[in-house]
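Breakdown of the fold
If you want the building blocks of each chain, they are given just below.
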Amino acid sequence: CDYLFFFFNVTATTEIYPLSLHDALPIFPNWIISYRDKAYPTEPQVKRIIASLGRDSRMRSKSHHYQLSSKHGENSDAMERLFVCTAQKANRVAADFEGLIAVGDVDFLTSLSAQAGHVKVTSYMGNKHFMLDWLWRNTPKNTGSMLDAFCGGCNVAYFYKQKGLAVTANDKLKYPFHIARAVVENSKVTLSDDDIQTLTADNLKRKTFIADTFYGYYFTRPILEFLDTVRANIEKLEGYKRDLALFALGTTCVSKARFGQFSRSKKGMTRKLSDESKTDTSLGNIPVSDFKALFRKNIARINGLVFDNGKPCKALNLEIVDALKRTKTDLVYLDPPYITEFGSNDYEADLHFVEGLMTYWADKELRDNARKDYASGTKFTKDSMKELFVAMVSAAKTNFPNILISYRDRAFPTADEFKGSLASGYRVVNVKSVSVEYGIVRWAAARGAMYAQVLWFIGS
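These notes cover the structure that comes with them.

Rules behind the numbers
Residues numbered from 1 in each chain as written. Predicted model: local features only at pLDDT ≥ 70, side-chain atom pairs only at ≥ 80, totals over all residues. Heavy atoms only, no water. Helix = DSSP H or I, 4+ residues; strand = E, 2+ residues; numbered from the N terminus. Buried < 20%, exposed > 50% of the residue type's maximum accessible area, 1.4 Å probe, protein only. Contact = heavy atoms within 4.5 Å. Areas by Shrake-Rupley, 256 points an atom, 1.4 Å probe, with all protein chains shown as cover. Salt bridge = Lys/Arg side-chain N within 4 Å of Asp/Glu carboxyl O. Axes fitted to C-alpha atoms, helices over the stretch in contact; angles between N-to-C directions. Parallel < 35°, antiparallel > 145°, perpendicular 65-115°, else oblique. Left-handed = near helix turned anticlockwise from the far one by under 90°. Nonpolar A, V, L, I, M, F, W, Y, C, P; charged D, E, K, R; others polar. Phe/Tyr/Trp six-rings, centres within 6.5 Å; stacked < 30°, edge-to-face > 60°. Lys NZ or Arg CZ within 6 Å of the ring centre and 35° of its normal. Core = buried A, V, L, I, M, F, W, Y, C linked by side-chain atoms within 4.5 Å.

1. A word on the overall build of the chain
Helices and strands together make up the secondary structure of the chain, namely 18 helices and 13 strands. Counting all 460 residues of the chain, 51% fall into the buried class. Long-range pairs, those at least 24 residues apart, make up 74% of the contacts in the chain with a sequence separation of at least 6. For the chain, the computed accessible surface area is about 21800 Å², with 51% contributed by carbon and sulfur atoms.

Shown next as structure tokens:
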């Protein structure tokens with residue numbers, strides 16, 4: 001049809017509208033969007049989202065009284081907004097959006113709307129999926145190979161693979177390593193229906209470690225028993241099939257954890273919560289049938305990620321400095337954990353359950369605490385992080401002519417210290433910034449932790 005009319009009704013929260021809207025909107029040549037004042041996103045943010053999607057907009061306003069919200073007094077009186085949107089000229093859109101990027105003045109919502117078409121491999125915490133286009137614009141034109149040295153959920157590594165580069169993805173943790181082997185290094189192998197049947201079949205020889213150890217901490221007993229079964233059956237697979245299965249099993253667990261983390265357990269939460277909220281305990285009591293269905297769905301999705309870009313791609317499971325010393329590529333991308341004035345990002349601690357699942361907790365000494373976790377290998381302090389940064393730059397300058405580093409403000413070492421360290425290895429160092437809002441740190445909102453500047457150090 002010629003016109004699309006819908007209510008952009010997000011007046012009490014800063015949650016972002018589903019990205020599927022941004023996929024669907026361009027189909028319609030004209031849009032009419034109903035909104036109101038004092039809402040989130042703000043009116044300037046909405047106009048910028050509209051502009052980033054290739055539309056000019058003009059706004060009409062009308063006073064309105066909300067009958068349903070009369071108990072809220074003056075909040076019942078509002079200005080109803082109507083955004084009337086028509087197509088822009090394509091070259092004007094590109095120029096305007098590029099200009100916003102160049103000055104680092106990109107609102108988080110605008111940036112997300114521009115990324116709707118990109119594949120998200122995982123929802124791994126700290127991933128830069130919403131800034132993939134920005135990364136590509138700041139990649140040297142003749143780059144044919146790159147190392148993603150802290151690959152995490154592999155969104156960046158996979159994106160560069162899609163761009164036709166020879167990609168090496170490294171992470172010291174096992175879960176990211178198996179993700180990287182499954183969809184970055186692997187170019188052809190997928191899990192067949194017979195493989196899926198093998199993975200989910202009853203196994204009388206399976207161990208019961210997960211159900212015995214983590215009942216009362218994570219998931220229901222039937223789900224924990226299912227994890228024991230699948231983990232035993234994974235040992236029947238070889239090569240990339242094992243990586244695909246471990247990726248699917250890990251991401252199924254992560255998707256049912258609050259914020260995709262295991263930084264709390266049911267036992268830990270029920271000690272703290274009141275009786276009325278004890279059901280809100282981080283990891284849901286979903287039926288095992290739903291969990292199995294999600295596992296199968298994840299296998300199908302991951303199978304669909306496998307492709308051959310015609311270039312040799314690799315996955316490494318090394319300490320960062322070792323990876324930098326053993327690899328030579330045109331570009332290295334570093335997205336290290338942050339140590340900020342609000343706390344630190346300890347990836348193994350937050351993902352300990354899934355990380356343990358990858359090896360069936362081999363060589364892990366479990367602690368008798370509210371999480372049943374173990375000592376993390378990714379816990380940094382201000383001093384150790386500073387030492388790591390110096391070591392990274394020293395190792396990188398020999399093998400990588402170009403370096404791109406993601407960082408943030410209010411972190412340690414400071415941006416000035418880090419820039420100085422980087423300048424010792426690279427002649428040209430540029431710093432750019434982008435404003436973001438972190439939904440996962442709302443607990444520290446009063447201290448300003450939610451609102452940050454992502455800093456990009458570009459060295460050559």
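Next comes the rest of the description.
2. Side note on the environment of I458
Mapped onto the elements of the fold, I458 is located in strand β13 (residues 451-459). Residues I458 and S406, 52 residues apart in the sequence, show an inter-C-alpha distance of 9.1 Å.

3. Structural notes on the pattern of salt bridges
Summed over the entire model, instances satisfying the criterion amount to 13 salt bridges. Ionic pairing is found between E185 and R181, a salt bridge with its closest N-O pair at 3.2 Å. In this pair, E185 and R181 are both assigned in helix α7 (residues 174-185), 4 residues apart and thus about one turn of the helix distant. Taken individually, E185 and R181 each receive the classification buried, so the pair is uniform in this respect. A salt bridge links D243 to R181; the nearest nitrogen and oxygen atoms lie 2.6 Å apart. Of this pair, D243 sits in helix α11 (residues 240-255) while R181 sits in helix α7, and the two are 62 residues apart along the sequence. In terms of burial, D243 and R181 fall into one category: buried. Each of R181, E185 and D243 takes part in salt bridges that share partners, so that together they form one network.

4. Considering the packing of α7 against α11
Interaxial distance between α7 and α11 falls to 8 Å at its minimum, and their mutual angle equals 125°. As summarised for this structure, α7 and α11 are arranged oblique, according to the angle between their axes. Regarding α7 and α11, the two cross each other, and that crossing is left-handed. Along its contact with α7, which presents Y175, H178, I179, R181, A182, V183 and E185, the element α11 presents Y240, D243, L244, L246, F247, G250, T251 and V254. Classifying every residue of the contact of α7 with α11 gives 9 nonpolar, 3 polar and 3 charged.

5. What about the packing of aromatic side chains?
A complete count under the given rule lists 30 aromatic pairs for this structure. Considering the side-chain rings of F159 and Y160, the 5.8 Å spacing of their centres and the 80° angle between planes classify their relative orientation as edge-to-face. Look at Y360 and W361: their rings are 6.2 Å apart centre to centre, the planes differ by 70°, and that puts the pair in the edge-to-face class. The same class applies to Y360 as to W361, namely buried. Clustering of aromatic rings is evident, with ring pairs tying together F209, F214, Y218, F219, F226, F262, F291, F295, F353, Y360 and W361. In this structure, K382 is placed above the aromatic ring of F412, and the distance from its NZ or CZ to the ring centre is 4.0 Å.

6. Thoughts on the nonpolar core
Counting 80 residues, the largest nonpolar core has Y160, V183, F219 and F353 as the members making the most contacts within it. Ranked by the residues each element gives to this core, the list is headed by α11, at 8 residues. Beyond its immediate chain neighbours, meaning those up to four positions away, V183 contacts V121, Y158, K161, F247, I302 and L305.

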